[in-house]
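Report on the structure
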Amino acid sequence: MARSNGEVNDQPDEENQPGSAGFLAGSLRPRSPRSSPAEPGRPRPSRFSSPDVSCDGESSFACVKMKAWEFLWGRDKEVSRTQQRVKRRMARRWYKRRGVVLVIGLVGCFLLVNWWMLLSLQDQKVGIEGGVAGNSSSAVSFHVKKEGMKSVRKRVKPWTGVYGRLLAWAAHALAEGHKKPEPKDLWQEPFVPASAWKPCSDQRNWKPSGGNNGYIMVTANGGLNQQRVAVCNAVAIARLLNATLVVPRFLYSSVWKDVSQFSDIYQEEHFINYLTPDIRIVKELPEELQSLDLEAIGSLITDTDVRKESKPSFYLKNILPLLIQNRVVHFLGFGNRLAFDPIPSQLQRLRCRCNFHALQFVPKIQETGALLLQRVRRRPQPGLLDHYLVGPYAESMLKEKGGHSGKASKYLALHLRFEIDMVAHSLCEFGGGEEERQELEAFRKVHFPALTLLKKSSKLPSPAALREEGLCPLTPEEAVLMLAALGFKRKTYVYVAGANIYGGRSRLVALNSLYPNLVTKETLLSASELEPFKNFSSQLAALDFIVCTAADAFAMTDSGSQLSSLVSGYRIYYGGGKMPTIRPNKRRLADIFTKNNTIEWRVFEQRVRKAVRQTKHVQTRPVARSIYRYPRCNECMCFTE
């Protein structure tokens with residue numbers, strides 16, 4: 001074994017002799033270290049491809065070695081080509097897989113963003129405290145009663161169970177459906193049958209009453225709408241008994257806490273003059289009667305003395321003799337104390353005439369109501385009912401702005417009847433558990449003592465049974481689900497009427513998050529514009545009455561509410577078949593909400609639309625039902641074919 005340049009060489013000595021492959025052609029010098037293979041198993045191609053090396057058929061070791069190296073190198077090249085082909089195939093597969101991965105990644109990102117949007121919709125909060133000036137704010141401002149309400153806000157969880165799942169579906173449907181057309185009948189009333197009824201209660205065919213039998217005083221209780229009904233009934237009783245009506249007064253309520261009187265809300269002179277052909281009206285009792293102790297002489301008549309829905313015969317038999325004897329009778333309360341049937345046709349028409357024609361709001365309320373209508377529509381263009389609601393201010397607002405072309409924006413008015421008095425009186429439960437039950441019971445003891453006594457002395461239906469029968473008011477969560485299912489788009493401007501929402505913030509999150517263009521009188525008016533109405537709940541309710549009545553569509557959550565009844569009746573009377581009202585069938589909706597924990601959104605939409613569509617048909621007044629709510633009858637409106 002020989003060493004060359006410090007490297008071990010396994011080849012025999014003759015490999016290094018002249019003429020051997022170990023020497024360069026034409027040279028006696030041995031090859032340099034650079035020309036030796038670094039790795040004997042992988043020789044350089046130039047070493048074995050030299051044209052001067054030839055075996056000439058000899059079988060020397062060097063020749064055999066060279067052939068072996070050539071074989072191995074060729075094999076190595078074949079393997080290398082095979083590996084390259086494999087690598088190319090793997091590369092092509094990778095590119096294909098990368099495309100699939102890219103598509104999957106994009107879909108995943110879309111789903112992630114969609115999930116984040118839904119989550120953000122659910123997490124939105126609504127501003128409750130304090131009014132926001134200006135007409136572009138979408139935050140809701142409700143004044144929530146503070147005493148005892150903190151615990152309710154904490155414990156009410158309206159986003160759980162079937163509500164949470166449906167609200168998530170509703171948010172998704174509203175986000176995806178902004179380009180879809182709304183249902184055709186969403187903003188429409190069945191025009192042909194509805195337009196066949198025309199207002200005609202202003203027509204008279206009797207002589208004025210002299211009011212010779214004495215004086216009738218009425219101190220109406222309740223809120224604005226209960227008082228309105230009491231006034232109209234008092235007008236009818238005065239005509240029935242041939243008595244003189246003293247301008248009604250309003251009883252201070254511990255619930256409403258409003259000291260407003262008749263002349264603070266309604267135009268007193270218009271009321272007197274318009275009804276003069278029907279009855280005699282004076283502003284005060286004669287001096288000789290003012291000093292009488294009416295309670296002592298038996299002329300003070302409370303609601304306990306007169307049954308609800310009493311017939312005219314009751315008043316002729318029991319009240320008329322007392323009136324003639326004492327010359328004055330004072331009705332204290334008088335809510336719903338006159339039946340709707342049976343009653344003389346002309347007397348019924350007088351009640352309609354009082355409600356739809358004689359009672360007009362004072363200029364202060366009309367002017368602010370016109371301002372609200374202008375801002376909620378975002379154009380000073382008068383609506384169909386504006387003339388009857390705000391009088392001359394509808395036209396004057398348009399003239400002041402110089403007129404604007406284009407159509408005014410549509411808006412939906414929602415009466416959210418979910419105040420604590422309504423919740424407590426319903427005897428229903430709304431997710432607050434034992435604390436809620438105790439709180440509502442404490443409220444009943446103070447404000448509804450008769451109801452508390454009835455609960456102790458009688459076995460009343462359970463809250464679950466009341467809900468199944470549709471006797472519970474819709475919660476704000478149920479109301480917003482109804483609107484979304486009906487097809488109102490997310491961008492719809494929604495005016496919410498009502499105050500003192502029971503449950504506070506947690507009850508309004510869903511409503512404001514699904515419909516961000518949600519406004520109230522507090523957000524549409526500045527603090528200075530609201531100042532004249534501060535602490536006057538009846539006057540604030542009058543503003544809600546105007547905006548709800550003039551709305552392109554009106555939705556109620558409790559058909560038994562006086563405001564909802566009067567608003568819907570007013571829209572029927574003056575609407576000409578163009579003012580749709582959404583009156584939910586609460587029994588059907590309760591069945592949908594409580595008995596379908598796994599219902600899909602598409603099915604939910606279909607069932608809700610069917611339940612509401614059935615209440616939208618045109619019908620005449622049912623027997624013994626309110627003429628203020630159902631004015632389509634011969635006494636109030638005339639049917640023209």
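An unreviewed UniProt entry annotates the chain as O-fucosyltransferase family protein originating from Eucalyptus grandis. Per UniProt, the comment on the chain under Subcellular location (unreviewed entry) is "Membrane".

Once that is clear, we can look at the sheet that holds strand 10 (residues 411–415). Strand pairing in a sheet relies on backbone hydrogen bonds. The paired strands run either parallel or antiparallel. Sheet architecture is open: 5 strands sit in the order 12-11-10-13-14, paired in parallel fashion. The sheet terminates laterally at strand 12 (518–519) and strand 14 (581–582), the two strands that pair on one side only. Across 2 bridges, the pairing between strand 11 (residues 493–497) and strand 12 is parallel. Counterpart to V494 in the pairing with strand 12 is L518. Across the sheet, helix 12 (residues 363–377) touches strand 10, strand 11 and strand 12, and the angle it forms with strand 10 is around 125 degrees.

Our next topic: helix 11 (residues 345–358). With 14 residues, helix 11 ought to run about 20 Å at 1.5 Å a step, and its terminal C-alpha atoms sit 18 Å apart, in line with that. Across the 14 residues of helix 11, 12 count as buried, placing the element largely inside the fold. Turning to helix 11, the residues buried within the fold contact helix 6 (224–240), helix 8 (268–275) and helix 24 (562–575).

The description of an aromatic ring pair uses the distance of the two centres, along with the angle that the planes make with each other. Considering all chains together, one arrives at 23 aromatic pairs under this definition. Summarising the aromatic geometry, the rings of Y315 and F331 are spaced 6.2 Å apart at their centres and angled 65 degrees between planes, so their arrangement reads as edge-to-face. Of this pair, Y315 sits in helix 10 (residues 312–326) while F331 sits in strand 9 (residues 328–333); the two residues are 16 residues apart in sequence, bridging distant segments of the chain. The same class applies to Y315 and to F331, which are both buried. With a centroid separation of 5.7 Å and 85 degrees between ring planes, the pair formed by F545 and Y570 is classed as edge-to-face. Taken as a pair, F545 in helix 23 (residues 537–549) and Y570 in helix 24 lie far apart in primary sequence, 25 residues in all. Each member of the pair, F545 as well as Y570, carries the same accessibility label: buried. Taken together, the aromatic side chains of F250, F262, Y266, F271, F356, F361, Y388, F545, Y570, Y573 and Y574 make up a single cluster linked through ring pairs.

About the criteria used
- Residues numbered from 1 in each chain as written.
- Predicted model: local features only at pLDDT ≥ 70, side-chain atom pairs only at ≥ 80, totals over all residues.
- Heavy atoms only, no water.
- UniProt positions renumbered as here; feature names shortened; annotations may be inferred.
- Pairing = 2+ DSSP bridges.
- Helix = DSSP H or I, 4+ residues; strand = E, 2+ residues; numbered from the N terminus.
- Contact = heavy atoms within 4.5 Å.
- Axes fitted to C-alpha atoms, helices over the stretch in contact; angles between N-to-C directions.
- Expected span 1.5 Å × (residues − 1).
- Buried < 20%, exposed > 50% of the residue type's maximum accessible area, 1.4 Å probe, protein only.
- Phe/Tyr/Trp six-rings, centres within 6.5 Å; stacked < 30°, edge-to-face > 60°.

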